Amino acid sequence: MSHYSPPRSLKQTLSRRAFLRATLVTATTAAVGCGGGDDEAVQDGAAYFPQSVASGDPRAESVILWTRLEDADLGEDDADVELELATDAAFADPVVLDGEASTVVPALARFDRCVKAKVRGLTPATTYYYRFVHTRADGRFASPVGRTRTAPAADSDAKLRFAFVSCQDFNGRYYNAYAHMAGMELDFIIHLGDYVYETTGDPTFQTTSGRAVTFQDNAGAITFNAGTRDEYHAAKSLDNYRELYRTVRSDRALRKIHETVPMIIIWDDHEFSDDGHGAVATYYNGREDETDVDRRKHANQAWFEYMPVDFQTEDFEYDPAKPFPGDIQIYRDFTFGKHARLVMTDLRSYRADHLIAEDAFPGTVVLTEAELMAELGALPDDASPYVDIDTFAGGSYKAALVAGAAAEGYDPAKITGKLDATFVNSLLAKLPDPGVAPIADADLLTFERGLAYLHLGKLSYYGSIGARYLVIKDTFDLWSTIKYKQSAGKTQEVMGAAQEQWFLDTMKGAKETWKLWGNEYCLVPLAVDLTGLAPPPFNKRFYMNADQWDGMPNRRSALLGELSQLQNVVALTGDIHAFYAGVPGTKEDPSKHIIELVGSSISSKTFRNELVGQVADDPILSATPSAADLAANIDELFTGSAVNRHLAHADSEHTGFVTVELDGAELVATFHALAEDDVFTDLGDRLDELARKFSTRRFKIEAGKGELYQEFDGTWMRWDPASNAYV
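Rules of the game
- Residues numbered from 1 in each chain as written.
- Predicted model: local features only at pLDDT ≥ 70, side-chain atom pairs only at ≥ 80, totals over all residues.
- Heavy atoms only, no water.
- Helix = DSSP H or I, 4+ residues; strand = E, 2+ residues; numbered from the N terminus.
- Polar contact = N/O pair within 3.5 Å; in protein donor to acceptor, adjacent residues only side chain to side chain.
- Contact = heavy atoms within 4.5 Å.
- Disulfide = S-S within 2.5 Å.
- Buried < 20%, exposed > 50% of the residue type's maximum accessible area, 1.4 Å probe, protein only.
- 1 Å grid on protein atoms, 1.4 Å probe; cavity = no way out; pocket = protein on both sides within 12 Å on 5 of 7 lines; lining within 4 Å.
- Points joined across faces, edges and corners; volume = space filled by probe spheres on them.
- Nonpolar A, V, L, I, M, F, W, Y, C, P; charged D, E, K, R; others polar.
- Phe/Tyr/Trp six-rings, centres within 6.5 Å; stacked < 30°, edge-to-face > 60°.
- Lys NZ or Arg CZ within 6 Å of the ring centre and 35° of its normal.
- Pairing = 2+ DSSP bridges.
- Axes fitted to C-alpha atoms, helices over the stretch in contact; angles between N-to-C directions.

### A word on the side chain of S603
The topology assignment puts S603 in the loop between β29 (595-598) and α14 (607-617). There is a polar contact of 2.7 Å between the side chain of S603 and the backbone oxygen of D169. When residues no more than four places from it in sequence are discounted, the contact partners of S603 are C167, Q168, D169, R173, Y174, Y175, T655 and V679.

### Re the state of the cysteines
Applying the stated rule across the entire model yields zero disulfides. The structure places no disulfide on C167, whose sulfur is separated from the nearest cysteine sulfur, that of C522, by 10 Å. What makes C167 buried here is its relative accessible area of 0%. Accessibility expressed as a relative area gives 1% for C522, which makes it buried.

### Here we look at the layout of surface pockets
Counted as a void, the largest pocket has a volume near 1100 Å³. Along the wall of the largest pocket there are 41 residues; nearest its centre are T204, N285, S464, R468 and Q614. Elements represented by at least two residues in the lining of the largest pocket include exactly β26 (541-545), α14 and α15 (619-622). Per-element accounting of the lining of the largest pocket gives the leading share, six residues, to α14. Among the residues forming the lining of the largest pocket, the class breakdown is 15 nonpolar, 13 polar and 13 charged. The computed volume of the second largest pocket comes to approximately 490 Å³. Taken together, 23 residues form the lining of the second largest pocket, with P525, T586, K587, P590 and H646 sitting closest to its centre. Mapped onto the lining of the second largest pocket, the elements with two or more residues apiece are α11 (473-486), β26 and α13 (553-563). Broken down by class, the residue content of the lining of the second largest pocket amounts to 11 nonpolar, six polar and six charged.

### Side note on the packing of aromatic side chains
Under the criterion given, the structure shown has 40 aromatic pairs. Here W719 and Y726 contribute two aromatic rings whose centre-to-centre distance is 5.0 Å and whose plane-to-plane angle is 70 degrees, an arrangement assigned as edge-to-face. Side by side, W719 and Y726 carry an identical accessibility label, which is buried. Taken together, the ring pairs connect W66, Y195, Y245 and Y306 into an aromatic cluster. For the cation-ring pair, K116 lies above F304, with the distance from its terminal atom to the ring centre recorded as 3.9 Å. Its guanidinium or amino end placed over the ring of F170, R211 lies 3.8 Å from that ring's centre, counting from NZ or CZ.

### Quick look at unusual backbone geometry
In this structure, the amide linkage connecting F324 to the following residue, P325, adopts the cis form with an omega of 5 degrees. Along the polypeptide, P325 turns up in the loop between α5 (293-306) and β17 (332-336). Residue P537 is reached from P536 by a cis peptide bond, and omega for that bond is 0 degrees. The topology assignment puts P537 in the loop between β25 (527-529) and β26. In the Ramachandran plot, D98 falls in the positive-phi region, its phi being about 50 degrees despite a non-glycine side chain. Its place among the elements puts D98 in the loop between β6 (95-97) and β7 (103-107). Its relative accessible area of 38% is what places D98 among the partly exposed residues. Look at N724: it is not a glycine, yet its phi comes out positive at around 55 degrees. Along the polypeptide, N724 turns up in the loop between β35 (715-720) and β36 (725-726).

### Let's talk about empty space enclosed by the protein
A probe matching the size of a water molecule, rolled over the atoms, marks out where space remains unfilled. Counted under the stated rule, the structure contains six cavities of 30 Å³ or more. Computed from the structure, the largest cavity encloses a volume of approximately 250 Å³. What lines the largest cavity is a set of 21 residues, among which L470, M544, V615, L621 and A627 lie closest to the centre. Among the secondary structure elements, those contributing two or more residues to the lining of the largest cavity are β23 (469-472), α14, α16 (627-632) and α17 (634-638). Considering only residue class, the lining of the largest cavity consists of 18 nonpolar, three polar and no charged.

### Overview of the sheet that holds β25
Taken together, the three strands give an open sheet; going across it, the order is β23-β26-β25, and neighbouring strands pair in antiparallel fashion. Each having just a single partner strand, β23 and β25 make up the two edges of the open sheet. Averaged over neighbouring strand pairs, the angle between their axes works out to 30 degrees when direction is ignored. As judged from the three bridges shared by β23 and β26, these two strands associate in the antiparallel manner.

Dropping the structure here:
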């Protein structure tokens, strides 16, 4: 008997679909049971569904199903496709959808013919199979068959096994980690962001040979190094961002994962722009204003179109006319039986700018003598004399520095206010004829003393070093704390007030055994102590990455103080392209901590190799003795150091992913590590060889104890921050 019914009219569909949202579909829990149908009339239509199918956001009674239709014969017209659901891969036992054996969902041209359906009324902890059917004059054509699974019911004692991943650069790299993962039985996968990379081959961190992202709409993209052999682009137009997703989904290993396992996804920065915050990019390091709300909304719309995501409001519609960030809200939570509550946050849309601006002038004073005395009661040893450059010596020094700005490459507008006097002298020494003498040593001794941006590690006029990366820890902690107090916390805003309150309320209200936080970037401080290892001015303690939570230490401490009062909180983290495990705690009392597990990248350049590249590309660092060796041996600096007693494991040299198994008694995480050299070749047809290339490391947390264990030769040992060792 036939299960095919003609699609409803597009006029009827479009009248309900002014904006893009998931079509709401209700399933009858019992299968139809009449079997077979018109399967003989359904042809292989994979070519019409080039990104295959995907499912996501599994709940006990619902799941999101996705595909994209591509048919050149449609031109600019909209289309309808049929959705079929069954409890078996052969569709012999179809499930009733909206009272029929199939239901119709729209594929609208203005949304790139992406198709999204939220199917409700499903049975908990059940595997379902689905496909989409495109009807043409020459027949009916089916997508590949997808498999998905609903979450266990709220009262279920079920065990879970899932994976979490992040960072899958496509350029010149292959998703061998997904090919290996595809052979595992998983309930779901958590994706923590950087699903796409917005650039087509940035030579500072991306591979520029092999397979690559290319844009048809180069005119709509941002162009770098125009007209040179190093020309590359960054997505800007809506078409650009859509092309990113289409290209990434061409990877067969990723398609296989989406076809077989539901995914729960948030974004990080590269879905919009590297190290972005709000609607602001950082490519030019302060040389120009990179605020671009239209670009941000293009990124958001493409993400919404291509991702199988459920939202807190079931009938949420993406409307690009709404102001950012109110156009979309992606933070949400999930329950998996009695033992897991998963809370996914958005740490990019609402966050403040990086505390140290990329164009911060090194000599500008950030803490005056009065502020230091009020905070510390004394001046720190590295406090330095400063002058008010606008009035000092009748403005003659200001005039000299303004005149020399073009030659030295800094903005003359920065020559104002309180400037570090020794830095003023260093600039004068570089000018061929400044017209004024250096400030005398005897005068320097009489000036008030303070801290400038250079004391935070900012040594260049425009750059990420000393701003987002390699920030002097002790002075940054002091300065950021004072700024935090002065701004009532606004300088370290991460989630935004509404999301943060929702996050804390959700975590505190969770009754499940494990409270899992899908967290985009590292909570564990990643600091290095270079005292005695590097020459001045690098013989200090540094945060390696202030784009992460290290750049918001007070806000992090406040959140950890709240979370540490709860049992069994575990942060699952990506972004950094490395494997870490640790016990991040509050500034005041590190024993008030949670557990964090950090997974490396699916394919992206490892943290170690990124550091090595940053040193080579930076004129100051590359000229610093030992800098290259220190970068190459970053894990030795991270571990065994008093500055990182919270860090129980560091592996900055491998790509890979993490699997987690949990029940009411314990959570066990396995780090699956693959050498970065092995991502440059597609090993999807050599799965046995690929499996041998992976190494594993296991960690355990026992419910109610708040301790982190690692397995060594079959023996579990506990991380002891006090002794900075496993015991």
